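Survey of secondary and tertiary structure
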Amino acid sequence: VNPAAAEAQLARGRAIEGWFSFEAGMLFAWIDAIQRDAGITGDVFEIGVHHGKSATLLAALLRDGERLRVCDLFGSQDANVSRSGSGQRDVFEANVRALVPGAVPEVFACASSQLDAARLGAGHRLFHVDGGHNPEEALADLELAAACTGERGVIALDDPFQPAWPGVTEGLLRFLDRDDRFVAVVLGFNKLLLARREHASLYAARLDDREERRRFLILYPWQMKKLPLHGDELRIFHVPSWRSLHSLRTRAVRSIDRSALARKGPFKAIASRLRSKLAT
Ligand SMILES: C[S@@+](CC[C@H](N)C(=O)[O-])C[C@H]1O[C@@H](n2cnc3c(N)ncnc32)[C@H](O)[C@@H]1O
């Protein structure tokens, strides 16, 4: 999808309960655009849907012939040992129906440990790991994702380096120790995106392009820096310590950045002057 369509889809999904920020959605849309331009096709998979906040955006990214496939414990929450979210199948399916008419996800209502690569097949272009958050769960889900993601596809991991979820970080580091084929390309908005080593530059080059970043509205207060992780260069979207994500200033700049009016004709120059005064 193009940035405007992604923005509209995320606005429609704003009321869905869940953990998927606007910027995370725009980052996924950016990855989708890179894949579209490179001719990368394949199904999209998500482990952990909760009420479908991220899944509805994923469903909107699908192109002809592609499927959204999801796995969640749903009614078997006793098996949700890390207590991460709580999927509800009826709410999830109603949200997908309402927000992405025509999309019919293939649902695996089970623990992700019951899936295997032989059953799912390889060739997914985007695989979002957002299920159990304990070390063993995160590691097993990453290994499943690695086996099921196509040559030039991307794995997205939820909650890396979050103090509240150390298991995800442990699972990630153990995965990177074991599997040298994947490198972490970009970290931000509670997501870490991994690609196969030989194809990482396809994504890295586009993510470094400031004009593209502007089009995908990943703007103030975020900055990008590059630091090594596990021996490879990682792009990190972060809020510098002298800025705040929740200040009035940030809210004002973000409203200008997201306002359709501020991007049009006579208002553009005024909005731009106001923005540069605020976004210092
Ligand atoms: C953090 S929530 C997912 C958030 C969702 N992606 C969103 O955008 O709001 C985690 C989900 O993973 C599911 N889950 C937890 N452990 C799981 C497991 N072992 N296998 C499959 N799903 C699991 C939970 O039921 C819950 O719906």
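The text that follows walks through the structure, step by step, so that each part is easy to find. (Residues numbered from 1 in each chain as written. Predicted model: local features only at pLDDT ≥ 70, side-chain atom pairs only at ≥ 80, totals over all residues. Heavy atoms only, no water.)

The helix and strand inventory of the chain stands at 11 helices and nine strands. Relative to the 2.2 N^0.38 estimate, which gives 19 Å for 280 residues, the radius of gyration of the chain is 19 Å and therefore close to what a compact globule would have. Taken along its principal axes, the extent of the C-alpha atoms in the chain is 55 × 45 × 35 Å. Within the chain, the fraction of its 280 residues that count as buried is 54%. For the chain, contacts bridging at least 24 residues in sequence account for 69% of all contacts bridging at least 6. Accessible surface, the chain as shown: approximately 12,800 Å² in total, 54% of it carbon and sulfur. Distance from the positive charge centre (38 side chains) to the negative charge centre (35 side chains) of the chain: 10 Å. (Helix = DSSP H or I, 4+ residues; strand = E, 2+ residues; numbered from the N terminus. Rg over C-alpha atoms; globule rule 2.2 N^0.38 Å. Buried < 20%, exposed > 50% of the residue type's maximum accessible area, 1.4 Å probe, protein only. Contact = heavy atoms within 4.5 Å. Areas by Shrake-Rupley, 256 points an atom, 1.4 Å probe, with all protein chains shown as cover. Lys, Arg positive; Asp, Glu negative; His and termini not counted. Charge placed at Lys NZ, Arg CZ, Asp CG, Glu CD.)

A few words now on the packing of aromatic side chains. Throughout the structure, instances matching the rule amount to eight aromatic pairs. For the ring pair Phe74 and Phe92, a centre distance of 6.0 Å and an interplane angle of 35° mean the geometry is tilted. Of this pair, Phe74 sits in the loop between strand S2 (68–72) and helix H4 (89–99) while Phe92 sits in helix H4, and the two are 18 residues apart along the sequence. Like Phe74, the residue Phe92 is buried in the burial classification. Relative to Phe182, the ring of Phe175 lies with its centre 6.0 Å away and its plane at 45°, an arrangement referred to as tilted. As far as the burial class goes, Phe175 and Phe182 line up, both buried. Site record: aromatic cluster; members linked through ring pairs are Phe45, Phe108 and Phe127. Positioned over the ring face of Phe22 is Arg258, at 3.8 Å from the centre of the ring. (Phe/Tyr/Trp six-rings, centres within 6.5 Å; stacked < 30°, edge-to-face > 60°. Lys NZ or Arg CZ within 6 Å of the ring centre and 35° of its normal.)

Turning our eyes to something else, we now look at the site of the ligand. As a structural note, the neighbourhood of the ligand is formed by 24 residues, with Trp19, Ser54, Asp72, Gln77 and Asp130 the closest of them. With respect to the ligand, the backbone of His50 contributes an N or O atom lying 3.0 Å from an oxygen atom. A distance of 2.7 Å separates an oxygen atom of the ligand from a polar side-chain atom of Asp72. Look at the ligand: alone it shows 600 Å² of surface, and the protein chains cover 97% of it. (Near = heavy atom within 4 Å. Polar contact = N/O pair within 3.5 Å; in protein donor to acceptor, adjacent residues only side chain to side chain.)

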